[in-house]
Amino acid sequence: MLFLLAVITYLDRVCISVAGPRIQEYLHIGPQQWGWVVGAFAMAYAIFEFPGGWMADRFGPRLILTRIVLWWSIFTALTGTVSSLPLLLLTRFAFGAGEAGAFPNAAASIAAWFPAGERGRMFGVLSMAMQVGGALSPLLVVPIQARYGWRVSFYIFALVGVVWAAVWFLWFRNTPEGKRGVTPAELSEIGTAERSGHGIPWGTAMRTGNFWAILLMALTFGYGNYFFVAWLHTYLVRARDFSERDLLLSALPFVFGACANVASGITSDTLLKRRGLKAARRWVGIAGLGSGALFALLATLTYSKLATLLLLCLSFAGICFNQSMTFPISIDVARKSPGAMGGAMNTAAQVGSFLSGVVFGYIVQVSGSYDRPLIVMSVVLAFGAVLWLRIDPTRQLISEAELQPGTEPILSQTEAQ
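Since the model is a prediction, treat every value here as computed from it, not as a measurement. (Residues numbered from 1 in each chain as written. Predicted model: local features only at pLDDT ≥ 70, side-chain atom pairs only at ≥ 80, totals over all residues. Heavy atoms only, no water.)

1. Some words on the overall build of the protein chain
Part 1 of the reasoning: In terms of regular secondary structure, the protein chain is built from 18 helices and zero strands.
Part 2 of the reasoning: A globule of 417 residues ought to have a C-alpha radius of gyration of about 22 Å, and the protein chain, at 20 Å, matches this closely.
Part 3 of the reasoning: Seen through its C-alpha atoms, the protein chain measures out along the principal axes to roughly 60 × 45 × 35 Å.
Part 4 of the reasoning: Long-range pairs, those at least 24 residues apart, make up 86% of the contacts in the protein chain with a sequence separation of at least 6.
Part 5 of the reasoning: Put simply, the protein chain shows about 16000 Å² of open surface, and 67% of that area lies on carbon and sulfur atoms.
Part 6 of the reasoning: Within the protein chain, one finds 30 positive and 21 negative side-chain charges whose respective centroids are separated by 3 Å. (Helix = DSSP H or I, 4+ residues; strand = E, 2+ residues; numbered from the N terminus. Rg over C-alpha atoms; globule rule 2.2 N^0.38 Å. Contact = heavy atoms within 4.5 Å. Areas by Shrake-Rupley, 256 points an atom, 1.4 Å probe, with all protein chains shown as cover. Lys, Arg positive; Asp, Glu negative; His and termini not counted. Charge placed at Lys NZ, Arg CZ, Asp CG, Glu CD.)

As structure tokens, then:
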């Protein structure tokens, strides 16, 4: 169900990017205005992400994810009804507000249902599912909008979300203890770590360099990742003369990204057993953002369609190799409040997404070049790779001395080892 959640999420997100050239033509808007369209989603997502993560710890992901998916499905459908730029901006802002909290709630679900030794792979699979949605989007949207117009794709994807929400609410339970059929042996392997339900003492967290390094790293990741979600298809059409039929090839970066997500989770879990938690998270992140920066820069140096697409595929693969570590690192440093920390981390990522969406449009407007924003993105990603050297997943944001008596986390067998 979490795999399908991530697929549907990115189907809905990338849908507007694939339809972007047609929508821009229909509404007669330029790159600067389009930057605000894609930025409105990220701005709302950033504002409401932390409350969405806190609600995961407070009320549980069963109820909150149902609300989130129903909300975003409504505004996905409404996106297909807009007829002016102000309405489009308002709809995309509301869409982002509704979707905020989806992945912190998924992180809380994984923290409750999976032992520590399997979380890297699970987040790898979850991240891979995002890329599956991104890959499917052009393959589905291009034929639909060619035959029925760009509006119909939004209606179809909205319906899929409604079905998912109904099944999730009826089937899922917040903890293994609350689900019929889970055996005592399974409960022992998973562990029964308690949740405080009240989030993190932020005053304490904000005095640690670890906290700020994670947030800044997430911002750089969000900046690079959002180009592929919001601007890739416009970039390929405007900068490399891709036709609408050529846009079917835009599924390839997401295929590369999906493979990188799985490889990242497997690599991290392998390093966890052989080198420890710090190496398992840190070196995966450095390799991911570092390679993402390198290949993005190289993409600006060629004007060949296929070479550009291949280099962008490799850049996105690097970004996705890092992506699978963003939520595990949040669980690592805030075991008792994974939703709240995941929300804070993803808020920072969405701030990066907002900056990416808007800054890209402004740079294009001022410079007349679609390549110069990629150079900026490369620098941002390289900075993110360096930040991983400051991140320590073995250090809790709250020391054991600050935990209330009797609230020490109960470790699973794998975590205890």
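2. Observations regarding the packing of helix α11 (residues 209-240) against helix α17 (residues 372-387)
The angle between the axes and the distance between the axes are what describe a pair of packed helices.
Part 1 of the reasoning: For the pair α11 and α17, interaxial distance at closest approach is 9 Å and the crossing angle is 150°. With respect to α17, the element α11 is oriented roughly antiparallel. Considering the relative orientation of α11 and α17, their crossing is left-handed. Along its contact with α11, which presents A213, L216, M217, T220, Y223, G224, F227, F228 and Y235, the element α17 presents L374, V376, M377, V380, L381, F383, G384 and L387.
Part 2 of the reasoning: The residue makeup of the contact of α11 with α17, split by class, is 14 nonpolar, three polar and no charged. (Axes fitted to C-alpha atoms, helices over the stretch in contact; angles between N-to-C directions. Parallel < 35°, antiparallel > 145°, perpendicular 65-115°, else oblique. Left-handed = near helix turned anticlockwise from the far one by under 90°. Nonpolar A, V, L, I, M, F, W, Y, C, P; charged D, E, K, R; others polar.)

3. Structural notes on the environment of W71
Part 1 of the reasoning: Mapped onto the elements, W71 comes out in helix α4 (residues 61-79).
Part 2 of the reasoning: In the structure, W71 is positioned 24 residues away from F95 in sequence and 7.5 Å away in space, judged by C-alpha atoms.
Part 3 of the reasoning: Residues within four places of W71 in sequence aside, it is in contact with A94 and G98.

4. Thoughts on the pattern of salt bridges
Part 1 of the reasoning: Tallied over the full model, the rule gives four salt bridges.
Part 2 of the reasoning: With its nearest N and O atoms 3.1 Å apart, the salt bridge here joins D371 to R240. Of this pair, D371 sits in the loop between α16 (338-367) and α17 while R240 sits in helix α11, placing them 131 residues apart in sequence. Residues D371 and R240 agree in their burial class; the two are buried.
Part 3 of the reasoning: In this structure, the salt-bridge partner of D332 is R281, at a minimum N-O distance of 2.7 Å. Highlighted residues: D332 in helix α15 (residues 326-333) and R281 in helix α13 (residues 277-299), separated in sequence by 51 residues.
Part 4 of the reasoning: Overall, R281 belongs to the buried group, its relative accessible area being 3%. (Salt bridge = Lys/Arg side-chain N within 4 Å of Asp/Glu carboxyl O. Buried < 20%, exposed > 50% of the residue type's maximum accessible area, 1.4 Å probe, protein only.)

5. Remarks on a nonpolar patch on the surface
Part 1 of the reasoning: Taken together, L70, L159, V162, V163, V167 and W171 make up a surface patch of nonpolar side chains, about 530 Å² in accessible area.
Part 2 of the reasoning: The leading source of residues in the nonpolar patch is helix α8 (residues 150-171), at five residues.
Part 3 of the reasoning: Along the chain, the position of V163 falls in helix α8. (Patch = residues over 30% accessible without salt bridge, like charges linked within 9 Å, V, L, I, M, F, W, Y side chains within 5 Å.)

6. Notes on the packing of α13 against α17
Part 1 of the reasoning: Where α13 meets α17, the axes come as close as 8 Å, and the angle between the chain directions of the two elements is 160°. By the criterion of interaxial angle, the relationship of α13 to α17 is roughly antiparallel. Crossing angle aside, the handedness with which α13 passes α17 is left-handed. Where α13 approaches α17, its residues I286, L289, G290, G292, A293, A296 and L297 are matched on the opposing element by L374, I375, M377, S378, L381, A382, G384 and A385.
Part 2 of the reasoning: Its residues assigned to classes, the contact of α13 with α17 comprises eleven nonpolar, four polar and no charged.

7. Topic: the packing of aromatic side chains
Part 1 of the reasoning: Under the criterion given, the structure shown has 18 aromatic pairs.
Part 2 of the reasoning: Aromatic pair W71 and F75: ring centres 6.2 Å apart, planes at 35°, arrangement tilted. Of the two residues, W71 and F75 are both situated in helix α4; the distance of four residues between them amounts to about one turn of the helix.
Part 3 of the reasoning: Using a relative accessible area of 21% as the deciding quantity, one classes F75 as partly exposed.
Part 4 of the reasoning: On the numbers, 5.7 Å between centres and 75° between planes, the contact of F227 with Y235 is edge-to-face. The pair F227 / Y235 is uniform in exposure class, with both members buried.
Part 5 of the reasoning: Through successive ring pairs, a cluster of aromatic residues spans F227, F228, W231, Y235, F254, F316, F360 and Y370.
Part 6 of the reasoning: When the ring centre of F169 is taken as origin, the NZ or CZ atom of R62, which lies over that ring, is 4.2 Å away.
Part 7 of the reasoning: The lysine or arginine in question, K305, covers the ring of F242, its NZ or CZ lying 5.6 Å from the ring centre. (Phe/Tyr/Trp six-rings, centres within 6.5 Å; stacked < 30°, edge-to-face > 60°. Lys NZ or Arg CZ within 6 Å of the ring centre and 35° of its normal.)

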